[in-house]
Amino acid sequence: MAAVSQLQRQFIEYATSLYNEGYLDDQFTQLQKLQDESNPDFVVEVVSLFFEDSEKLLNNLATALQQKIVDYKQVDSHVHQFKGSSSSIGAQRVTTVCVHFRNYCDEQNLDGCLRCLQQLNHEYILVRNKLEALFRLEQQILQAGGSIPMME
């Protein structure tokens, strides 16, 4: 059981760092609280849907910003959707970039929008990698016969 407690400690430290570094906020904790024995994969399923939607939205944004005449209302609609989905899983840094991105859409500032798209891609990849690592740790704990510690 020493291996399990070590993995659990590692999980708590890693999850805490994700909150402290602003990758996640309390909404992720709320999401975790909705998971129970009847739906043990709830968080992974919701976050996987976020990943799928994010890939589509990032592609849509890139395409929209490459047009000769940029439809800023369309771009803003995609960013608004991205902001909502990232906020709903607690991806705080992604949500913050979306707020700035929407301001550039309002100003119809193409350079600002393109910079935000790069930053959004970057923050999305970071949070995706961090969450995938967190889920791998969860799997290791479960495979070792332990339970996932709840974050406070």
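Keep in mind the model is a prediction, meaning the values are calculated, not measured. (Residues numbered from 1 in each chain as written. Predicted model: local features only at pLDDT ≥ 70, side-chain atom pairs only at ≥ 80, totals over all residues. Heavy atoms only, no water.)

**Student:** Help me out: how do you make sense of the overall build of the protein chain in this one?
**Tutor:** A count of helical and extended segments in the protein chain gives six helices and zero strands. Mapped from its N terminus to its C terminus, the protein chain presents α and β elements in the order α-α-α-α-α-α. Expressed as a percentage of the 152 residues in the protein chain, the buried residues total 39%. Restricting the contact set of the protein chain to residue pairs at least 6 apart, pairs at least 24 apart contribute 66%. Accessible surface for the protein chain amounts to roughly 8,700 Å². Of this, 48% is attributable to carbon and sulfur atoms. Side-chain charges of the protein chain comprise 12 positive and 20 negative groups, with the mean position of each set lying 6 Å from the other. (Helix = DSSP H or I, 4+ residues; strand = E, 2+ residues; numbered from the N terminus. Buried < 20%, exposed > 50% of the residue type's maximum accessible area, 1.4 Å probe, protein only. Contact = heavy atoms within 4.5 Å. Areas by Shrake-Rupley, 256 points an atom, 1.4 Å probe, with all protein chains shown as cover. Lys, Arg positive; Asp, Glu negative; His and termini not counted. Charge placed at Lys NZ, Arg CZ, Asp CG, Glu CD.)

**Student:** In this structure, what is going on with the packing of aromatic side chains? I would like to understand it.
**Tutor:** Aromatic ring pairs are reported here in terms of the distance separating the ring centres and the angle at which the planes meet. Taken as a whole and judged by the stated rule, the model has five aromatic pairs. Here Arg 115 stacks its cationic end above the ring of Tyr 104, 5.8 Å away from the centre of that ring. (Phe/Tyr/Trp six-rings, centres within 6.5 Å; stacked < 30°, edge-to-face > 60°. Lys NZ or Arg CZ within 6 Å of the ring centre and 35° of its normal.)

**Student:** How should I be thinking about the UniProt feature "modified residue: Phosphohistidine" (unreviewed entry) in the protein chain in this particular structure?
**Tutor:** UniProt records the feature "modified residue: Phosphohistidine" (unreviewed entry) for His 80 in the present numbering. Secondary-structure assignment places His 80 in helix 4 (residues 72-89). (UniProt positions renumbered as here; feature names shortened; annotations may be inferred.)

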